[in-house]
Amino acid sequence: MWNSVCEAISAQIGDDRIVKPEDAEGRLISVTGEAMPAVPILRPRNTEELAKALEICTAHKTPVIPMGGSTGLVGGLRHTGKELYLSLELMNRIESIDPVNRVATVQAGVVLQNLHQAAEDAGLLFPVDLGARGSATIGGLISTNAGGEKAFRFGMMRDQVLGLEVVTASGQILDLSNSMIKNNAGYDLKHLFIGAEGTLGIVTRVQLRLRPQLPNVNTAFALISDFSAALELRSKVETALGNDLTAFEVMWPEVYEMTTRHRSGRLPLPVADGIYLLFESEAGTARDPEAFETAMAALYEDGLVEDMAIAVSEADRRDMWSIRNDIDAIIRNLSPFLAFDVSLPVSKMELFVQDLETALTTRWPKTRFARFGHMGDNNLHVVVSIGQDTLHYKNDISSIVYDRVTMMNGCISAEHGIGMDKLPWFELGKTSSAIALMHTIRTALDPNNILNPGKTIGAVG
Ligand SMILES: Cc1cc2nc3c(=O)[nH]c(=O)nc-3n(C[C@H](O)[C@H](O)[C@H](O)COP(=O)(O)OP(=O)(O)OC[C@H]3O[C@@H](n4cnc5c(N)ncnc54)[C@H](O)[C@@H]3O)c2cc1C
């Protein structure tokens, strides 16, 4: 099926740039455990090779799925039987770290953790961070507009991108390079490709904004009675810490119980029936290191907080975050489950959680949940299990979740994208004119529908 297109690509850019299907097996495993079929994988070494390969794919009307670190969580790499995979793994060069202009120029296949290290070596910070940092690539992070742990302060991936190089479906190299924060001449085309999940072009090279390192890091874990107290506390913490506040995370009690049940050693906080909040501030060297403790003591004396632990070492801090990030414990406890990444106005989060619990337990009395999220960014993760039948009722459960999200003016995807998993609900909360414009843009950039077809906005036309 792919012989003639692969032969044409081999002839132009070299036989060793294509992994044959028989050698691809085992390399194609997505992080969700989804089996990916053994199909050829294109592995260009540079933009020119990638552009040539895409030009040939367009001529053969062969669709491609761009692939980064395969850590996406919404089926963005799902194969529909026709596509070649296009891996950016050999395009993994950090081209430059410019400490004066605070700009990193990197190829799209660079792994996030490697960029963190390179920035740190130059005394700088790349502020997007998430649990998949050891595998997720810059191209994948841009294409999903990833958020992560520090989006509250530094924004999402979109906010870090200064300039891009993209290859369009026809093989045209679109140079949108830029190294400045301010550049207002004409349409800012780079934004079309950020969060487009590979459906409008392949991101090949990028200029990213770097920040100064902030060595004065302080972390606290608090237990409070309920969500309305969490809202009040968030406001007080923001007033106390101002722009230093980097993360404000929330966990419902079942999550704290699941993630600490088998831990040895002392827990930062007791297991109780309240809401857990993890927050962190990052500041420069001039900030008084005692200021955080003073602010926390004042909050404690206020009576709003039931219990609080402050990290006094990097080990303490890591321990706190490892509780927040222990997704494995949730998987062990709730499998089989469905996971939802939604955003909601914080004022409606509690109502949403209660309403959802009532709706699901009325129909499936044994429903269990894990609810946590980046509260500071309106982002809630809800993991639901109704028991062994969970996956069988995927559409029913998803509709119950997403209908409520839409009713409360939220969004069905906060930071993971649409991929294929959320396609049936993609149009919720969007106007028909906005959807029509998306289809027009998609068709203009990729008239043959060869770039990750069927993802994000579904079938075009
Ligand atoms: C443990 C864990 C924790 C996570 N935490 C977070 C979190 O806190 N916040 C968050 O936002 N996400 C999180 N994620 C999701 C995931 O890490 C992100 O979606 C990430 O951005 C995907 O990067 P990737 O390189 O793995 O892309 P892939 O999974 O390979 O691809 C993702 C999508 O981007 C497309 N794509 C990949 N590379 C390119 C390119 N160069 N050009 C065009 N399209 C491309 C693919 O076709 C696909 O549609 C987490 C995942 C895991 C496993």
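Residues numbered from 1 in each chain as written. Predicted model: local features only at pLDDT ≥ 70, side-chain atom pairs only at ≥ 80, totals over all residues. Heavy atoms only, no water.

1. Some words on the overall build of the protein
Phase 1 of the analysis: Scanning the protein from terminus to terminus reveals 15 helices and 18 strands.
Phase 2 of the analysis: For the protein, the C-alpha radius of gyration of 23 Å lies close to 23 Å, the compact-globule estimate for 461 residues.
Phase 3 of the analysis: Dimensions of the protein, computed from the C-alpha atoms along their principal axes, are close to 70 × 55 × 45 Å.
Phase 4 of the analysis: Expressed as a percentage of the 461 residues in the protein, the buried residues total 52%.
Phase 5 of the analysis: Across the protein, every contact between residues at least 6 apart in sequence was considered, and the portion connecting residues at least 24 apart equals 72%.
Phase 6 of the analysis: Surface accessibility of the protein: about 20,200 Å² in total, with carbon and sulfur atoms responsible for 50%. (Helix = DSSP H or I, 4+ residues; strand = E, 2+ residues; numbered from the N terminus. Rg over C-alpha atoms; globule rule 2.2 N^0.38 Å. Buried < 20%, exposed > 50% of the residue type's maximum accessible area, 1.4 Å probe, protein only. Contact = heavy atoms within 4.5 Å. Areas by Shrake-Rupley, 256 points an atom, 1.4 Å probe, with all protein chains shown as cover.)

2. Let's talk about the domain arrangement of the protein
Phase 1 of the analysis: Its domain assignment divides the protein into domain 1 (3-87), domain 2 (94-212), domain 3 (216-325) and domain 4 (335-419).
Phase 2 of the analysis: Just the C-alpha atoms count here: the centres of domain 1 and domain 4 sit 34 Å apart.
Phase 3 of the analysis: With 4 residues of domain 1 at the contact, the number on the domain 4 side is 4 residues.
Phase 4 of the analysis: Carbon and sulfur atoms supply 69% of the area that domain 1 and domain 4 bury against each other, a total of about 290 Å² over both sides.
Phase 5 of the analysis: Among the residues forming the side of domain 1 that touches domain 4, the class breakdown is 2 nonpolar, 2 polar and no charged. (Domains from an automatic or database assignment. Buried area = accessible area lost by both parts, 1.4 Å probe. Nonpolar A, V, L, I, M, F, W, Y, C, P; charged D, E, K, R; others polar.)

3. Notes on the side chain of Thr 137
Phase 1 of the analysis: Its place among the elements puts Thr 137 in the loop between strand S7 (124-125) and helix H5 (138-144).
Phase 2 of the analysis: Ignoring any residue separated from it by four or fewer positions in sequence, one finds Thr 137 in contact with Gly 68, Gly 69, Ala 108, Gly 109, Val 110 and Val 111.

4. As for the side chain of Glu 282
Phase 1 of the analysis: Along the chain, Glu 282 falls in strand S14 (residues 275-283).
Phase 2 of the analysis: With a relative accessible area of 4%, Glu 282 lands in the buried category.
Phase 3 of the analysis: Looking at Glu 282, its side chain comes within polar contact range of the side chain of Lys 150, at 3.1 Å.
Phase 4 of the analysis: Look past the residues within four positions of Glu 282 in its chain and what remains in contact with it is Lys 150, Arg 153, Leu 214, Asn 216, Val 217, Asp 244 and Thr 246. (Polar contact = N/O pair within 3.5 Å; in protein donor to acceptor, adjacent residues only side chain to side chain.)

5. Overview of the pairing of strand S10 (residues 202-209)
Phase 1 of the analysis: With 6 of its 8 residues buried, S10 lies for the most part within the structure.
Phase 2 of the analysis: One ladder, built from 5 bridges, connects strand S6 (residues 103-107) with S10; its direction is antiparallel. Looking across to S10, one finds that Val 103 is bridged to Arg 209.
Phase 3 of the analysis: Direction of pairing for strand S8 (residues 161-167) relative to S10: antiparallel, over a ladder of 6 bridges. By the bridge assignment for S10, Leu 164 is matched with Val 206. (Pairing = 2+ DSSP bridges.)

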